[in-house]
Amino acid sequence: MMTRTLTSHDLPALMTGIMATLAGIGIARFAYTPLLPAIIQEGWFTASQGAYLGAANLLGYFIGALVAHSLSERFSPRLVMAASFAGIALSFVLCAGAGGFLWFFFWRLVSGIAGAILMVVGPSLALAATPPERRTRVGAMVFTGIGFGALLSAFIVPLLLGLSLTVTWGTLGLLCIAAGLLCDWGVAHLTSPITASSVGNSSTGYAGVKVVVLLVIGAYALDAIGFVPHTVFWVDYLARENALGNQAASLQWGIFGLGALCGPFMVGALAHRVGWQGGLMIAFAAKAAAVLLPVFSLALLSQSVSSFMVGAMIPGIVALTSGRLAELVGPTAHKKLWGQATAAFAAAQAVAGYAMSALYGAWGSYTPLFAISGLILVAGFLLVLLSHGVQQRHSHLSAQQPTQQSSNPGRQ
């Protein structure tokens, strides 16, 4: 159903967006998760240091989100994206051998900065170059790169770890270079961005749109807190804390990656049926339930459902939020606003990453972190619900104003 509205003309936009999200989060972020138990067991770093290295990427993501829009306006977007791919590739290649904590921290920070730039600029370029009638489909599909990255890391990293940690880090760097070359081809073949109104299709008026946008961005920031345990600690939680072993934990990370690959297709179909707003509400509810599930049960079925649904809703909520903002403000203003939303997301994510690393150090268990994150996602769902109410209220008031003015023509 989804591919019926896609044509060969969409290939450059899809390649631009998919490769950007593949490297930006799929490899730069998610490939580190299955590496975490290995670098601890090999004695490169302690468990606490490994957690803080994961949080370094989150801090870099915040910095990158802040500068992404201005960099792409000041310099060629193609050049900015190429430099970002190079930064991520170097962050893996130059960490292919055991080194000091500060060295690894710096390069994990660089990978976060470059990843955020790709996540802001890549999807925005793809969206702007896509005709409105295909924007729902393409806008969701560009985020399949997150799932491809998670799936690749789930299957490739365990195999490579059988050789050595050095080979694993180096291979991931080469994958980033390949993704960068494919993305560059896509950017070079993009059609000129389609001109569009700076406001979206919403009839809420400027004030109403502004409030709705703030609520949606607020929910998106809470989503960033909610997915930290699964994206940073999930493999280590299963492998070490619950003594399930690396093989069982890698299987769950593979299921997570499969979910992340399916998520954009799922929400694309969902948005087509119930709209961006309705899809966002359903996604938040599903993700909250999936994050809370391990608190109550760690049976194989519970693990697998949690892995798949959280994996699916991570790129799913990203795609739905991006689409919802584009619907509210239009594709022309989307890149700037998407950069702001990504910065809010990254700030919340970085704070949560460091806070949860500290809480793990204090408590010695990951379990409470899943409970906290699930409740945070419930709060995100409530903000999305509130944004819907605000939009309806402003739409109702906007509809009443012309009626009142026409019934009092003498007062104009």
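So, here is what we can say about the structure in this document. (Residues numbered from 1 in each chain as written. Predicted model: local features only at pLDDT ≥ 70, side-chain atom pairs only at ≥ 80, totals over all residues. Heavy atoms only, no water.)

### Things to note about the overall build of the protein
What counts, and what does not: Each helix corresponds to a stretch of at least 4 residues labelled H or I by DSSP, and each strand to a stretch of at least 2 residues labelled E; elements are numbered beginning at the N terminus. Partly exposed residues are those whose accessible area sits between 20% and 50% of the maximum for their type, while under 20% is buried and over 50% is exposed, using a 1.4 Å probe and protein chains only. Should any heavy atoms of two residues lie within 4.5 Å, those residues are counted as being in contact. The Shrake-Rupley method, run with a 1.4 Å probe sphere, supplies the accessible areas, and residue values consider only the shown protein chains as cover.
From N to C terminus, the protein includes 14 helices and zero strands. Burial status across the protein gives 57% buried among its 412 residues. Pairs at least 24 apart in sequence give 86% of the contacts found in the protein among residues at least 6 apart. As displayed, the protein offers around 15900 Å² of accessible surface, 68% of which is attributable to carbon and sulfur atoms.

### Thoughts on the pattern of salt bridges
Put simply, the rule reads: By salt bridge we mean one thing: a side-chain nitrogen of Lys or Arg within 4 Å of a carboxyl oxygen of Asp or Glu.
On inspection of all chains with the given rule, the structure shows four salt bridges. In this structure, the salt-bridge partner of Asp236 is Arg240, at a minimum N-O distance of 2.6 Å. Note that Asp236 and Arg240 are positioned in helix H10 (residues 228-241) at a spacing of four residues, about one turn of the helix. On the basis of relative accessibility, which here comes to 2%, the residue Asp236 falls in the buried class. With relative accessibility at 32%, the residue Arg240 sits in the partly exposed group. We note a salt bridge from Arg324 to Glu327, for which the minimum N-O separation is 2.7 Å. Of this pair, Arg324 and Glu327 are both found in helix H12 (residues 300-329), three residues apart, which corresponds to roughly one turn of the helix.

### Some details on H10
Where we set the bar: A helix is expected to span 1.5 Å for every residue after the first. The bend at a residue is defined as the angle formed between two axes, one fitted to the seven residues ending at that residue and one fitted to the seven starting there.
The terminal C-alpha atoms of H10 lie 17 Å apart, and with 14 residues this falls more than 12% below the ideal 20 Å at 1.5 Å per residue. Along H10, the largest kink reaches about 55° and is centred on Trp234. For H10, the buried fraction is high: 12 of the 14 residues fall into the buried class. When we look at burial in H10, the residues that qualify are Val228, Pro229, His230, Thr231, Val232, Phe233, Trp234, Val235, Asp236, Tyr237, Leu238 and Ala239. Downstream of H10 by one or two residues, Ala243 has phi in the positive range, about 55°.

### As for the packing of aromatic side chains
Let me state the cut-off plainly: Note on aromatic contacts: the rings of Phe and Tyr and the six-membered ring of Trp form a pair at centre separations within 6.5 Å, being stacked when their planes are under 30 degrees apart, edge-to-face when over 60 apart, and tilted otherwise.
Considering all chains together, one arrives at 20 aromatic pairs under this definition. Look at Phe104 and Trp169: their rings are 5.6 Å apart centre to centre, the planes differ by 90°, and that puts the pair in the edge-to-face class. Of this pair, Phe104 sits in helix H5 (residues 101-128) while Trp169 sits in helix H8 (residues 165-188); the two residues are 65 residues apart in sequence, bridging distant segments of the chain. Comparing Phe104 with Trp169, the two get one shared label, buried.

### Examining the packing of helix H2 (residues 32-41) against helix H7 (residues 144-161)
Rule in force here: Lines fitted to C-alpha atoms define the axes here, with helix axes fitted over just the stretch in contact, and angles between the N-to-C directions of these axes take values from 0 to 180 degrees. Our angle categories are set so that under 35 degrees counts as roughly parallel, over 145 as roughly antiparallel, 65 to 115 as roughly perpendicular, and the remainder as oblique. Helix crossings fall into two classes, left-handed where the near helix is turned counterclockwise from the far one by less than a right angle and right-handed where it is turned clockwise. Residues were grouped as follows: Ala, Val, Leu, Ile, Met, Phe, Trp, Tyr, Cys and Pro as nonpolar; Asp, Glu, Lys and Arg as charged; and all remaining residues, including Gly, as polar.
Where H2 contacts H7, the two axes come as close as 9 Å, and the packing angle between them is 25°. With respect to each other, H2 and H7 are oriented roughly parallel. Classified by chirality, the crossing of H7 by H2 is right-handed. Residues Pro34, Leu35 and Ala38 of H2 form the contact with H7, whose own contacting residues are Ser153, Val157 and Leu161. Classifying every residue of the contact of H2 with H7 gives five nonpolar, one polar and no charged.

### Describing the side chain of Asp223
Among the structural elements, Asp223 can be located in helix H9 (residues 205-226). Here Asp223 is in contact with Phe284, Lys287, Ile317, Phe345 and Leu377, once residues within four sequence places are set aside.

### Examining the environment of Asp10
Mapped onto the secondary structure, Asp10 falls in the segment before helix H1 (11-27). Separated by 120 residues in the primary sequence, Asp10 and Thr130 have C-alpha atoms spaced 7.1 Å apart.

### Things to note about the side chain of Gln349
Relative to the elements of secondary structure, Gln349 occurs in helix H13 (residues 331-363). We classify Gln349 as buried; its relative accessible area is 0%. Residue contacts for Gln349: discarding those within four places in its chain leaves Arg29, Leu58, Tyr61, Ala224, Phe227 and Val228.

### Notes on helix H4 (residues 77-93)
Quick reminder: α-helices carry 3.6 residues per turn. Residues three or four places apart thus point the same way. Between its terminal C-alpha atoms H4 stretches 24 Å, which fits the 24 Å expected from 17 residues at 1.5 Å a residue. In this fold, the buried residues of H4 make contact with H1, helix H3 (47-74), H5 and H8.

### Overview of unusual backbone geometry
Even without being a glycine, Ala243 presents a positive backbone phi close to 55°. Structurally, Ala243 is set in the loop between H10 and helix H11 (245-296).

### Focus: the environment of Ile225
Mapped onto the secondary structure, Ile225 falls in helix H9. Along the backbone, Ile225 and Gly374 are 149 residues apart, and their C-alpha atoms lie at a distance of 9.3 Å.

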